[in-house]
Each structure stands twice: as structure tokens, then as C-alpha cells.
Amino acid sequence: MNATSLTPPVAVIGAGTMGIGIAQVAAAAGHPVALYDIDRPAAERAYETLSRRLMRRVDAGKADRDASERLLARIRIAGALTELADSALVIEAVAEKLAIKQNLFRELEEICPADTLFASNTSSLSITAIAAALRHPQRMAGMHFFNPAPLMQLVEIVDGLETSAQTRERLNRLALQWGKRPVHCRSTPGFIVNRVARPFYAETLRALEEQIADAATLDAVLRDAGGFAMGPLQLTDLIGQDVNFAVTQSVFHAFFNDTRFTPSLVQQERVAAGHLGRKSGRGFYRYGDDADAPQASYAAAAHAGPLARVTLHGDWSPLADFAALLTENAASVKQPGQTSPLATIDDVTFMLTNGQSASQVAENTGTPVVLFDLSADYRRADTLVISCAAQNNPQDNAKVIQFLQSLGKRVITLPDYPGLLVMRTVAMLVNEALDVVNKGIASAADTDNAMRFGVNYPRGPLAWGQALGWKHILATLENLQRFYQEERYRPLPLLRRYAAGHALPPSGAES
């Protein structure tokens, strides 16, 4: 690729959703784009669909007609691979089959000059393995876009074992020219996003399997209380249950069946039944004009007498926004100290879950206990999630619910589930993100930015872990591991190191 030319020819192979999206991104940046698909009519249909979509935006006043027409004019349908010979970059977005990708790049190596870059949009296959088919594997890297490619900012630039620094830097510059946010990682199962994100789905799928709550309520916990853009079950319906399940299986097998990545039986059942989500009209939810949107289950309005007195004990700095919200009540006072954050609502112990059940904490403290779940922003969240110890009397629980409702919050009461749902999910995300850093797969900054801009997490896992404190994350996982007696929740080495006092340097991720 000529370093002085900002718009060299680009080829995209595969005219599916990702392929046509990548072609649109390149054309929007001014590149002549050759779009090739082994099924030429499929490429023509993809182009026509893109044209209609862009013109609808023009008609709605959301896009400029001349700019849209110029973009479309830059894309041509190629009838054969030989027509891609002048491309400075070839990006493939074909079927996720290693042999298909290897054979494709073998052919391209015979057609394209030595300085043509090769990139794969694979989300699950090894870049090293794909490049092994080439005589010059150093020209090959991953360039993993996220759907929809024209809108999503993130691009993972993935090094295979033989990828050259020059290839990586040229792709990085190109991604920046395309208005994207590149992050770098080594080739590893799932790269950054699809590896670190597995617990986001897995913990909610497990809660559903254990009948902790219905799908709508579990999604509300992560979305409305936790601060994630979508609930995990909503999101898997959007992605496609078959696609999400296949990625989980791929990562699970690639890590030699490590239980951290164990696929879900309840998701497998959906796939077996053809309940694939939006595309099939039914997944964890039903879709269609006659489908009623399921509602989460919230606690009824509680009436427990006069408003409770709230006292905060210990260091609430990790939860400063929640402390401020709680102490706005006139009956609230603070008793600062060096201990972990804890509150009493009258005589009820009120604390952030640490992976123990509320009943365990009540047994240890000899008090009524209500645990609350984690949130990215307690003030802005319209929902709070709690669980109550079995030892509590109904008045204890009603007192806490009434107080939280007085703050303008809806309350979801889960069964006495260790770690509740957001906290255990975030603890697992932090653990996995730290393993990515520990093994040199990606930097802390790129890992956090990948999760924020690739899947729209409210905070990067490492930033979240650092804010909460590594000891709290460690305690949560250790308590879950003791409860389940499963290796799935084992804390990984870097988490143990940081919890022992090795501070993580600032990640550099954007907040």
C-alpha cells in the first residue's frame, strides 16, 4: 500500500452482512472497492440492499444524496478473484471454516502482488492457522469488525505468530483513516471481545437455568440496574442463539474445555428447537406483531411505617455515587472508617454482595441482612436489585424496599442467590480481562476499550475492578467457588497478585 495514497483500492470478499458493511466503510472513506462473492447474484443483491438503505436515509433527510451516490459509485461487483489483483488490501468475510479461508488466501497469493495486505474478519478462527497456508504469512493479520460495521467503532487488529509489525501498523493507520478505533491483540481464541464477553452471557444463562427469575427480569437486572446497554438474553436473541452458542463452543473447545467457558444447556435447547431469536421469530422472547413484550417482576410498593434511619459505616469511596444517594435522606448519617462499605437501615444490615448469600452473612453477623447488587451508576439507574436473608422477617425486607422506593427506584428482589447477578458477572469479566493482560494478549487500555466500544459496556472491566477494589473481586470469586465447588469461578493469577497489593497501572482506557 503506497504510504502517500490515502485511498488505494480495497477488495472485500464475501457479500454477507459483514462483507457489505465493510465495503460501505471503505467506500465511505474514499476507497475504490471491489466486492466479490462466489455467488455473484448474492453480491448484486447485497449492493442493491445497501443502495436502498442509503437512499432511504437520503429521503428521510439523514444523509446527503451526492455523498451517498458517490459512495455507491465507488463499489463495483467483481466477477472473479483475478479482478482483485490491483488491491492494496483484501479483507475476507466468508464462512467461518478454516479450510475455506486458507484456500482463498492461497489463491490470492498467486494473484496479488507481494505488498498487498491480507486481512481476515474472522471472529473465532486462529489468524496464525489461516496465515500458515501462505508462503509469506507476515502479510496476514486479523481485522475484526463488529456488526453493524458502518456504525460500530471498534476494530480488533489481530497478530498471527508471523504477522509483521509493518502489516499491523499499516492496518492500524487505515482503521484510523476509516474513523474506527483500533485495538491490538495477539491471535488467541475469541481475541479480546469474544473471549472476555463470555461471562456476560454465561452468568445470566446459568441464572435462568437455575430458575432464579424469568428472562425479562434477568435482563432488567443487567440492563436497568447494572447499566449495560442490553440484557444478555435480549442480546443473544439479536445476535442469533445459534451464532452466540457456536462462538461459546468454539472458545470452550479452543481452551481445551476450560470450565470458565462451559456452554449453556438452556441455550443449546433453544438452538435445537430452532428458537434462534429475532431471525426465527422466537428465542428467549417471541417476536412479531402479535407478541406481547414480557415485563420484569418488580417488588410491590412497600409500606413499613416511618421512613427508616440509614447509617453508613466504613469506606464508601468505591460506591461514592450510591453513598451520596443514600445520605440525601434526612435521617441518614455517616460513620466513616477503614472497613468495607456497609450500611444499616434501622437494624437491617445492607451491603454490596461479595459472593456470599445473604443468609450466610446473616448467620455471621447475627442481624437481618439485605444484599444489594452492583450498578455502573446508582444515581441514574432506575432499578436496584436486592436479595434478603432467609432469617429476616417480612418487616425487615419491607423496610429496605420502602426506603429504596423512596429514592425513586424500582426494586427487583431476587432469591438469595450468591453474588446476585451484576456483581458475579462483572467479577468474571474482570477475571478474564486480567488474564488477557497477564498473558500478553492485549494491553490493559486496549482490553478495556475493546469491551467499551466493541460491545458497549458501561465501564471497562479493568477500570471497574480497579474502582471496586481487587480484594472485593477476589472475595466474590472465592466465595462463588466455595459455594459451587467449581473451577469455573477460580480467581486467575493476576487478580490474586493485584489483590495482594500489586496495583494495576492506569489502563489509559477512556472513561
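Reading the values: the criteria
Residues numbered from 1 in each chain as written. Predicted model: local features only at pLDDT ≥ 70, side-chain atom pairs only at ≥ 80, totals over all residues. Heavy atoms only, no water. Helix = DSSP H or I, 4+ residues; strand = E, 2+ residues; numbered from the N terminus. Rg over C-alpha atoms; globule rule 2.2 N^0.38 Å. Buried < 20%, exposed > 50% of the residue type's maximum accessible area, 1.4 Å probe, protein only. Contact = heavy atoms within 4.5 Å. Areas by Shrake-Rupley, 256 points an atom, 1.4 Å probe, with all protein chains shown as cover. Lys, Arg positive; Asp, Glu negative; His and termini not counted. Charge placed at Lys NZ, Arg CZ, Asp CG, Glu CD. Pairing = 2+ DSSP bridges. Phe/Tyr/Trp six-rings, centres within 6.5 Å; stacked < 30°, edge-to-face > 60°. Lys NZ or Arg CZ within 6 Å of the ring centre and 35° of its normal. Salt bridge = Lys/Arg side-chain N within 4 Å of Asp/Glu carboxyl O. UniProt positions renumbered as here; feature names shortened; annotations may be inferred. Core = buried A, V, L, I, M, F, W, Y, C linked by side-chain atoms within 4.5 Å. Axes fitted to C-alpha atoms, helices over the stretch in contact; angles between N-to-C directions. Arc of directions from axis to C-beta. Polar contact = N/O pair within 3.5 Å; in protein donor to acceptor, adjacent residues only side chain to side chain. 1 Å grid on protein atoms, 1.4 Å probe; cavity = no way out; pocket = protein on both sides within 12 Å on 5 of 7 lines; lining within 4 Å. Points joined across faces, edges and corners; volume = space filled by probe spheres on them. Nonpolar A, V, L, I, M, F, W, Y, C, P; charged D, E, K, R; others polar. Parallel < 35°, antiparallel > 145°, perpendicular 65-115°, else oblique.

In the nomenclature of an unreviewed UniProt entry, the chain is known as 3-hydroxyacyl-CoA dehydrogenase of Serratia rubidaea.

Some words on the overall build of the chain
From N to C terminus, the chain includes 20 helices and 15 strands. The C-alpha radius of gyration of the chain comes to 25 Å, within 12% of the 24 Å expected for a compact globule of 511 residues. Every one of the 511 residues in the chain was classed for burial, and the buried ones make up 55%. Restricting the contact set of the chain to residue pairs at least 6 apart, pairs at least 24 apart contribute 69%. Accessible area of the chain: about 21200 Å², with a carbon and sulfur share of 51%. Considering the chain, the positive charge centre built from 49 side chains and the negative charge centre built from 52 side chains are found 3 Å apart.

Remarks on the pairing of strand β8 (residues 181-186)
Here strand β7 (residues 154-159) runs beside β8; their pairing, made up of 6 bridges, is parallel. When the bridges of β8 are listed, E156 appears paired with V183.

A short note on the packing of aromatic side chains
Under the criterion given, the structure shown has 18 aromatic pairs. Seen from their ring centres, F200 and Y457 are 5.5 Å apart, and the 45° between their planes marks the pair as tilted. Of this pair, F200 sits in helix α8 (residues 198-209) while Y457 is found in the loop between α17 (444-454) and α18 (461-468), placing the two residues 257 residues apart along the sequence. Looking at Y457, the relative accessible area reads 5%, which means it is buried. Here the aromatic cluster, defined as three or more aromatic residues joined through ring pairs, consists of F200, Y201, F228, Y457 and W464. Across the ring face of F118, the terminal group of R139 is positioned such that the distance to the ring centre comes to 4.2 Å.

So, the pattern of salt bridges
If you walk through the whole model with that rule in mind, you get 29 salt bridges. The partner of R40 in a salt bridge is E44, and the shortest N-O contact between them spans 3.0 Å. Taken together, the positions of R40 and E44, both in helix α2 (residues 40-59) and 4 residues apart, correspond to about one turn of that helix. For R40, a relative accessible area of 37% corresponds to the partly exposed category.

Details of the UniProt feature "domain: 3-hydroxyacyl-CoA dehydrogenase NAD binding" (unreviewed entry) in the chain
The sites that carry the UniProt feature "domain: 3-hydroxyacyl-CoA dehydrogenase NAD binding" (unreviewed entry) are, in the present numbering, residues 10-186. Taken end to end, residues 10-186 comprises 41% helix and 21% strand; its first and last C-alpha atoms sit 24 Å apart.

Quick word on the nonpolar core
L108, F322 and F350 are the most contacted members of the largest nonpolar core, which totals 117 residues. In terms of residue count, helix α16 (residues 422-438) provides more of this core than any other element does, 10 residues in total. The residues touching F322, leaving out its near neighbours within four places in the chain, are W316, F350, F372, Y378 and L384.

A short note on the sheet that holds β8
The 8 strands are arranged β3-β2-β1-β4-β5-β6-β7-β8 in an open sheet whose pairing can be described as mixed. Each edge of the open sheet carries a strand with a single partner, namely β3 (75-78) and β8. Going across the sheet, the axis of each strand differs from the next one's by a mean of 25°, ignoring polarity. By the bridge criterion, 4 bridges tie strand β1 (residues 10-13) to strand β2 (residues 33-36) in an arrangement that is parallel. From the neighbouring strand, I13 faces β2, where its bridge partner is Y36. Running at roughly 170° to β2, helix α1 (residues 17-28) makes contact with β1, β2, β3, β4 (89-92) and β6 (140-145) of the sheet. Helix α4 (residues 98-111) contacts β1, β4, β5 (117-120) and β6 of the sheet and is inclined by roughly 165° relative to β5.

Quick look at helix α3 (residues 65-73)
Note: α-helices contain 3.6 residues per turn, so residues at a spacing of three or four share the same orientation. Of the positions making up α3, those classed as buried are S68, L71 and L72. The arc that holds every buried residue of α3, seen down its axis, measures 95°, which confines them to one face. On its buried side, α3 packs onto α1, α2 and β3. One side-chain oxygen at the N-terminal end of α3 lies 3.2 Å from the backbone nitrogen of D66; it belongs to D64.

Considering unusual backbone geometry
Looking along the chain, the bond that leaves N147 and enters P148 is cis, with omega of 0°. With respect to the secondary-structure elements, P148 resides in the loop between β6 and β7. Even without being glycine, F191 reaches a positive phi, approximately 55°. Even without glycine at this site, D346 takes up a positive phi of about 55°. Along the polypeptide, D346 turns up in the loop between β11 (342-345) and β12 (348-352). With a relative accessible area of 36%, D346 lands in the partly exposed category.

Regarding the layout of surface pockets
Once rolled over the atoms, a probe with the size of a water molecule shows which space is left empty. Space inside the largest pocket adds up to approximately 1200 Å³. Elements represented by at least two residues in the lining of the largest pocket include exactly α1, β6, α7 (193-196), α8, α10 (232-239) and α11 (241-254). Of the residues that constitute the lining of the largest pocket, the class distribution is 23 nonpolar, 13 polar and 4 charged.

Focus: the packing of α8 against helix α12 (residues 265-273)
Interhelical geometry of α8 versus α12 gives an angle of 85° and a closest axis separation of 8 Å. With respect to their mutual orientation, α8 and α12 come out roughly perpendicular. Contact residues: L205, L208 and E209 in α8; L265, V266 and Q267 in α12. Taken together, the residues of the contact of α8 with α12 sort by class into 4 nonpolar, 1 polar and 1 charged.

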